[in-house]
Structure formats: structure tokens, C-alpha cells
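Structural features, examined
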Amino acid sequence: MPEVIIEASALHKEYSGFPAVKGIDFAVAKGECFGFLGPNGAGKTTTMNMVQGYSPITSGTLTVFGMDRRKDHRNINARLGVVPQENNLDPDITVLENLLIYARYFDIPKSVARERAASLLDFMSLTDKKDERIPKLSGGMKRRLMVARALINEPELIILDEPTTGLDPQARHMIWQRLGELKSSGRTLVLTTHYMEEAEHLCDRLVIMDGGKILTEGTPRKLIKKYVKGSVVELAMPESGPARVLECLKGIEFEHEVSGSVLYIYTEDAATALDKAACFAASGFRHRQATLEDVFLKLTGRELRE
Ligand SMILES: Nc1ncnc2c1ncn2[C@@H]1O[C@H](COP(=O)(O)OP(=O)(O)OP(=O)(O)O)[C@@H](O)[C@H]1O
Ligand SMILES: [Mg+2]
């Protein structure tokens with residue numbers, strides 16, 4: 001059995017009586033990348049904040065590195081790196097100074113901090129920005145600096161709350177590559193994201209949360225297989241409704257979902273489905289591989305929440 005790095009049992013958080021996380025259970029093993037997905041307000045950041053010791057636990061148990069999160073604050077945090085959802089860099093000092101000052105929280109000797117900062121700036125391709133002040137950085141540079149800062153204490157566990165939100169594809173891919181390298185070097189990663197492709201690319205296992213609860217857990221591949229089958233056929237919904245299309249599909253195994261003017265058919269046998277429903281596909285259809293996004297929308301609904 002691999003070493004368990006985080007273990008949560010009946011983990012619960014209330015803000016002035018409002019339950020944001022409702023008694024969740026999960027375990028993260030050493031060396032894996034574990035993802036938290038879920039719509040806005042699902043409780044992901046609240047969970048991250050409890051794991052990093054920033055937000056007190058209302059009830060339940062939470063251990064990190066086998067230590068009680070409520071008691072061993074200093075010992076846990078020495079081995080932990082955090083990229084919070086919101087950047088909180090100091091705008092009045094330079095990129096390099098942001099790293100050096102952060103190193104002081106961990107009592108890292110100055111000479112060691114300088115060496116690490118230089119190599120982290122190199123790792124995140126920020127060396128030529130080291131003397132720049134924060135307001136002059138682009139969003140992608142600030143995010144890369146947040147990742148560099150989280151690594152200053154050489155953490156074994158890194159928590160990343162939406163590390164790539166708002167970044168362009170180049171910056172996102174660069175961060176993915178670096179996170180992949182960190183994983184290969186044996187670090188444990190915990191990640192929240194709204195990008196399903198990111199989760200499929202990086203996460204060994206993940207949970208989907210909604211309304212403070214965990215709806216499901218598994219590898220991206222297993223979740224796709226379990227909830228949506230291999231292929232999706234999207235058809236324009238006939239004015240008379242889906243009944244006649246569904247009638248045509250008799251004899252093959254499929255599931256369907258209606259959202260707005262689209263009829264979604266989930267099946268392992270898209271070719272036969274398209275053949276049988278050819279007259280309904282005549283005015284246009286889309287056939288594609290099922291993704292984690294289909295699982296997400298199936299479990300959490302397609303309607304806008306806010
Ligand atoms: N400090 C707080 N005080 C009161 N309520 C809060 C506080 N922080 C979060 N909440 C509420 O708790 C719930 C969960 O919020 P949380 O930030 O954990 O969601 P999230 O899954 O991270 O969402 P997002 O994807 O938008 O970042 C929401 O209903 C939110 O309004
Ligand atoms: Mg959040």
C-alpha cells in the first residue's frame with residue numbers, strides 16, 4: 001500500500017451555520033496527482049483551505065503526513081507548498097524579493113534561499129523578470145511566480161487551487177509540464193481546476209464535488225466509462241421531442257439526455273446509432289469521443305448555477 005499523505009474523514013466546514021463542506025471522505029496517496037472538480041461554490045477552495053491549515057475544521061478528522069491537521073501546524077506546513085486561488089504576491093517588492101521574503105517564513109538560511117530562488121525562477125522561466133515589480137507582470141507570469149513561491153521550501157505536498165485559470169494555452173501547457181516534472185520527482189499534488197482537459201491530463205484520480213459533497217471518485221478513464229460510455233452523438237432535437245429518435249435507436253445500448261435544443265446520445269456504438277437515426281442526423285450532427293466534461297455535466301447538470 002502506498003503511503004497516505006492526506007486522509008479526511010467526515011470532514012465538515014460551516015461558515016456561520018452555512019455548511020460549505022458536508023462531511024466528505026477522501027485519501028491522497030504519496031506521489032499521485034489528486035484532483036477536485038466541481039461547479040462554482042462546490043466547496044473545493046474550502047477543502048483546500050482546511051488541508052493547508054488556513055481555515056479551521058468544524059468537525060471530522062483530517063491528517064496530513066499522518067499528523068493531525070488541528071495540532072501539528074508547524075510540522076505539516078514545513079512540508080507543504082500552496083498556490084491559493086487568488087494571487088497574493090506583495091506588489092511593492094520585486095519578483096526575486098517575493099521569493100526571498102517568503103523563504104523567511106520557513107527559516108531558510110539566506111544563502112540557501114538565494115540559490116533556490118534562482119533555480120525556481122529558471123524552472124518557471126522568470127529569470128529575466130527577477131527585478132520587476134509585481135504590477136508589471138502579466139497574469140501568466142504572476143501565476144508562474146505563485147508556483148515558484150510555493151516550491152521555496154521544497155515541499156513534498158503541493159496544493160494548487162486553479163493554477164491555470166485565465167491563462168493562455170502556452171502558459172497553461174508550460175505549467176502542466178512543470179507539474180508533470182514535480183510529480184515525476186515524487187511530489188504529491190492536489191489540484192482544483194475547471195478545465196476538464198487539465199484534469200484528464202494531470203490527475204491520476206479525482207473527485208467531483210457539488211454542494212459541499214463528493215458525488216464520485218475515480219480515475220478520469222474509469223469515470224468516463226462508468227457515467228457516459230465511449231462516444232457521444234449530439235443531434236438537433238426534433239420539434240416533436242426525442243421520442244421518435246429514441247424509438248429508432250431500439251436494439252442498441254445507449255443513454256440519452258436532453259439539454260435545450262440538443263439531444264445527447266451516449267453509446268459504445270455510435271456508428272450503428274447514426275445509421276439507425278440517419279433521418280434525424282440529416283440536418284446536422286456531432287459525433288465525438290466522450291470526455292470528463294460529459295461526466296461533469298451529467299453529474300452536476302447543464303444549467304447555469306448563478
Ligand atoms: N469565508 C466565507 N464565508 C462564508 N461563506 C463562504 C466563505 N468562503 C466560501 N463560502 C461559501 O462556501 C461555499 C463553497 O465555497 P468555495 O469557495 O469553497 O467553492 P469553490 O468550489 O472553491 O468554488 P469556485 O469554483 O467558484 O472557486 C460557497 O457557497 C461560498 O459562498
Ligand atoms: Mg475555489
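Residues numbered from 1 in each chain as written. Chains lettered and ligands numbered in written order. Predicted model: local features only at pLDDT ≥ 70, side-chain atom pairs only at ≥ 80, totals over all residues.

**Some remarks on the overall build of the protein chain**
From N to C terminus, the protein chain includes 12 helices and 14 strands. Reported as C-alpha extents along the three principal axes, the dimensions of the protein chain are approximately 70 × 45 × 40 Å. Sorting the 306 residues of the protein chain into buried and exposed places 36% on the buried side. Considering only contacts within the protein chain whose residues lie at least 6 apart along the sequence, 68% involve residues at least 24 apart. (Helix = DSSP H or I, 4+ residues; strand = E, 2+ residues; numbered from the N terminus. Buried ≥ 20, exposed ≤ 12 C-beta atoms within 10 Å, placed from the backbone. Contact = placed C-beta atoms within 7 Å.)

**Regarding the sheet that holds strand β11 (residues 231-236)**
Taking strand neighbours across the sheet as the criterion, the 4 strands line up as β12-β13-β11-β14 in an open arrangement whose pairing is antiparallel. Edge positions in the sheet fall to β12 (254-259) and β14 (285-289), since each of these pairs with one other strand and no more. Neighbour-to-neighbour, the strand axes of this sheet turn through a mean angle of 20°, independent of strand direction. Bridge count between β11 and β14: 5 bridges; the pairing is antiparallel. Paired with Ser231 across the strands is Gln289, a residue of β14. (Pairing = 2+ DSSP bridges. Axes fitted to C-alpha atoms, helices over the stretch in contact; angles between N-to-C directions.)

**Some points on the site of ligand 1**
Around ligand 1 lies a shell formed by Tyr15, Phe18, Ala20, Gly38, Asn40, Gly41, Ala42, Gly43, Lys44, Thr45, Thr46 and Gln85. Broken down by secondary-structure element, the contributors of at least two residues to the shell around ligand 1 are β2 (18-29) and α1 (44-51). Of the residues assigned to the shell around ligand 1, the class counts are 4 nonpolar, 7 polar and 1 charged. (Near = placed C-beta within 6 Å. Nonpolar A, V, L, I, M, F, W, Y, C, P; charged D, E, K, R; others polar.)

**Regarding the sheet that holds strand β1 (residues 4-15)**
Pairing is antiparallel across the open sheet formed by 4 strands, whose spatial order is β2-β1-β4-β5. Pairing within the sheet leaves two strands with one partner each, and these edge strands are β2 and β5 (67-68). In this structure, β1 lies alongside strand β4 (residues 59-64), joined through 5 bridges in antiparallel fashion. Across the sheet, residue His12 finds its bridge partner in β4, namely Ser59. Sheet strands in contact with α1 are β1, β2 and β4, and its direction is about 120° off that of β1.

**What to know about the nonpolar core**
Formed by 77 residues in total, the largest nonpolar core has its most connected members in Leu120, Val147, Ala148, Ile159, Leu189 and Ile265. In terms of residue count, the dominant contributor to this core is helix α5 (residues 139-150) (5 residues). Mapped onto the domain boundaries, this core takes at least three residues apiece from domain 1 (4-221) and domain 2 (230-289). If sequence neighbours within four positions are ignored, Ala148 has contacts with Leu99, Leu120, Leu121, Phe123, Met124 and Leu126. (Core = buried A, V, L, I, M, F, W, Y, C linked by C-beta atoms within 7 Å. Domains from an automatic or database assignment.)

**Here's the deal with the packing of helix α3 (residues 95-104) against α5**
The interhelical angle for the contact between α3 and α5, taken along N-to-C directions, is 30°, at an axis separation of 10 Å. The angle between the axes of α3 and α5 places the two elements in the roughly parallel class. Like other packed secondary-structure pairs, α3 and α5 cross with a definite hand, here right-handed. Listed contacts from α5 to Val95, Asn98, Leu99 and Tyr102 of α3 are Leu145, Ala148 and Arg149. Of the residues belonging to the contact of α3 with α5, the class tally is 5 nonpolar, 1 polar and 1 charged. (Parallel < 35°, antiparallel > 145°, perpendicular 65-115°, else oblique. Left-handed = near helix turned anticlockwise from the far one by under 90°.)

**Section: the environment of Gly31**
Relative to the helices and strands, Gly31 resides in the loop between β2 and β3 (33-37). Under the C-beta neighbour-count criterion, Gly31 is labelled partly exposed, with 17 such atoms within 10 Å. Linking Gly31 and Thr219, residues 188 residues apart in sequence, is a C-alpha distance of 15 Å. Excluding its chain neighbours within four sequence positions, the residues that come into contact with Gly31 are Pro2, Gly186 and Thr188.

**Regarding the pairing of strand β8 (residues 188-192)**
Where burial is concerned, most of β8 is hidden: 5 out of the 5 residues are buried. Here strand β7 (residues 157-161) runs beside β8; their pairing, made up of 5 bridges, is parallel. When the bridges of β8 are listed, Leu160 appears paired with Leu191. For the segment spanning β7, helix α6 (residues 169-184) and β8, crossover handedness is right-handed. (Right-handed = clockwise from strand over helix to strand, strands pointing away.)

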